[in-house]
Amino acid sequence: NLAGAAADLEHPLFKAREVKKTVLVVVTSDRGFAGAYNSTLLRVAEQRLRTAAPGSMAVVVVGRKGRDYLKRRGYPVLSAHTDLPSEASLDLARTLTRELIERFTNGEVDRVELMYTHFVSAMTRRTQTEVFLPAGGGTAKSGGADRGTIFEPDPETIFAELLPRYTTAKLYAAMADALASEHAARMIAMGAARKNAGELVDSLTLTRNRLRQAA
């Protein structure tokens, strides 16, 4: 809405251009033992990469599992961020946002998309893809209207401060969402493993007792 109000402002992060190169930011985990959490996301990412025109898409990966999977299959990985902290990291979000903004503003890529696992509930998660850059999905300029918004000191100064914060917050929220999904998936997977192990122990104990009695 603010972008629509500042009709004369041409901020580089709002600039929608012909999409020749897209970067897909894939948020996975460093560790396994989380059921289908990583494999589900990576299947969707791989399908997206396979259907893209040759040379039109590259990947920035968060998490060791995604890095290993995509590199092993020969997909173009521009950078990988591993050794993830146990909680969503604002510092990592800032670092990654700076990298993505630099690639976008210098014309290396024309579009940046986030792909992560959206947390719905402990039992329900879904893979989500959304436009990260240009800000507002490239529709911010046409989606707003000037309703007498007052910018002080001026739109350029405000957006220079606001947009890096906005993009960092958006990426941080996606990473937090993904981490919540990972924890839920791991909890369910480990619960199922414990139940299966218990059933196996009971079965083997029963077999042992029968054999002992027969002997």
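For the structure given in this document, a descriptive report is provided here. Note that the coordinates shown come from a computational prediction; the quantities given were computed from them, not determined experimentally.

Along the protein, the regular secondary structure elements total six helices and five strands. Taken from the N to the C terminus, the helices and strands of the protein come in the order α-β-α-β-α-β-α-β-β-α-α. Computed over its C-alpha atoms, the radius of gyration of the protein comes to 23 Å, more than 25% above the 17 Å expected for a compact globule of 215 residues. Overall, the protein is about 90 × 40 × 25 Å in size when its C-alpha atoms are taken along their principal axes. A burial count over the protein gives 39% of its 215 residues as buried. Sequence-distant contacts, at least 24 apart, represent 71% of the contacts inside the protein between residues at least 6 apart. A total of about 12300 Å² of accessible surface is found on the protein, and carbon and sulfur atoms cover 53% of it.

With that out of the way, let us pick up the layout of surface pockets. Its volume calculated, the largest pocket comes out at about 260 Å³. In this structure, the largest pocket is lined by 20 residues; those nearest its centre are Thr28, Leu84, Pro85, Leu179 and Glu182. For the lining of the largest pocket, the element with the highest residue contribution is helix H6 (residues 155-214), accounting for six residues. Taken together, the residues of the lining of the largest pocket sort by class into 10 nonpolar, five polar and five charged.

Attention now moves to the packing of helix H4 (residues 90-105) against H6. Two elements in contact, H4 and H6, have axes separated by 9 Å at closest approach and are oriented at 120°. On the basis of the axis angle, H4 is oblique to H6. For the crossing formed where H4 meets H6, the hand is right-handed. Contact residues: H4 offers Leu90, Leu92, Ala93, Arg94, Leu96, Thr97 and Ile101, while H6 offers Pro164, Thr167, Thr168, Leu171, Tyr172 and Met175. Residues belonging to the contact of H4 with H6 are distributed by class as follows: nine nonpolar, three polar and one charged.

Between side chains of opposite charge, a pair can form when the charged atoms approach closely. Applying the stated criterion to the full structure yields 12 salt bridges. Overlapping salt bridges, with partners in common, bring together Glu46, Arg50 and Arg73 in one network.

Time to look at the packing of helix H2 (residues 37-51) against helix H3 (residues 64-72). In contact at an axis separation of 11 Å, H2 and H3 are set at 40° when each is read in the N-to-C sense. One element, H2, and the other, H3, form an angle in the oblique class. Considering how the two elements wind past one another, H2 and H3 form a crossing that is right-handed. Note on element contacts: H3 touches H2 through Lys65, Gly66, Tyr69 and Leu70, opposite Asn38, Leu42, Glu46 and Leu49. Of the residues contributing to the contact of H2 with H3, the split by class is four nonpolar, two polar and two charged.

As a further point, take H6. Taking 1.5 Å as the rise per residue, H6 with 60 residues should run 88 Å; its terminal C-alpha atoms sit 87 Å apart, in good agreement. Leu162 marks where H6 bends most, by close to 25°; the proline Pro164 follows one to four residues later. The backbone nitrogen of Glu156 lies 3.2 Å from a side-chain oxygen of the residue at the head of H6, namely Asp154.

This part takes up the environment of Ser89. Here Ser89 shows up in the loop between strand E3 (77-81) and H4. A residue is classified by how much of its surface remains accessible, and Ser89, at 17% relative accessible area, is buried. In this structure the C-alpha to C-alpha distance between Ser89 and Val62, which are 27 residues apart in sequence, comes to 12 Å. With near-sequence residues (within four places) excluded, Ser89 lies in contact with Tyr172 and Met175. In this structure the side chain of Ser89 is engaged in a polar contact, spanning 3.1 Å, whose partner is the backbone nitrogen of Leu92.

Quick notes on the rules
- Residues numbered from 1 in each chain as written.
- Predicted model: local features only at pLDDT ≥ 70, side-chain atom pairs only at ≥ 80, totals over all residues.
- Heavy atoms only, no water.
- Helix = DSSP H or I, 4+ residues; strand = E, 2+ residues; numbered from the N terminus.
- Rg over C-alpha atoms; globule rule 2.2 N^0.38 Å.
- Buried < 20%, exposed > 50% of the residue type's maximum accessible area, 1.4 Å probe, protein only.
- Contact = heavy atoms within 4.5 Å.
- Areas by Shrake-Rupley, 256 points an atom, 1.4 Å probe, with all protein chains shown as cover.
- 1 Å grid on protein atoms, 1.4 Å probe; cavity = no way out; pocket = protein on both sides within 12 Å on 5 of 7 lines; lining within 4 Å.
- Points joined across faces, edges and corners; volume = space filled by probe spheres on them.
- Nonpolar A, V, L, I, M, F, W, Y, C, P; charged D, E, K, R; others polar.
- Axes fitted to C-alpha atoms, helices over the stretch in contact; angles between N-to-C directions.
- Parallel < 35°, antiparallel > 145°, perpendicular 65-115°, else oblique.
- Left-handed = near helix turned anticlockwise from the far one by under 90°.
- Salt bridge = Lys/Arg side-chain N within 4 Å of Asp/Glu carboxyl O.
- Expected span 1.5 Å × (residues − 1).
- Bend = angle between axes of the 7 residues up to and from the residue.
- Polar contact = N/O pair within 3.5 Å; in protein donor to acceptor, adjacent residues only side chain to side chain.

Take it as geometry only, folks, not as evidence of what the structure does.
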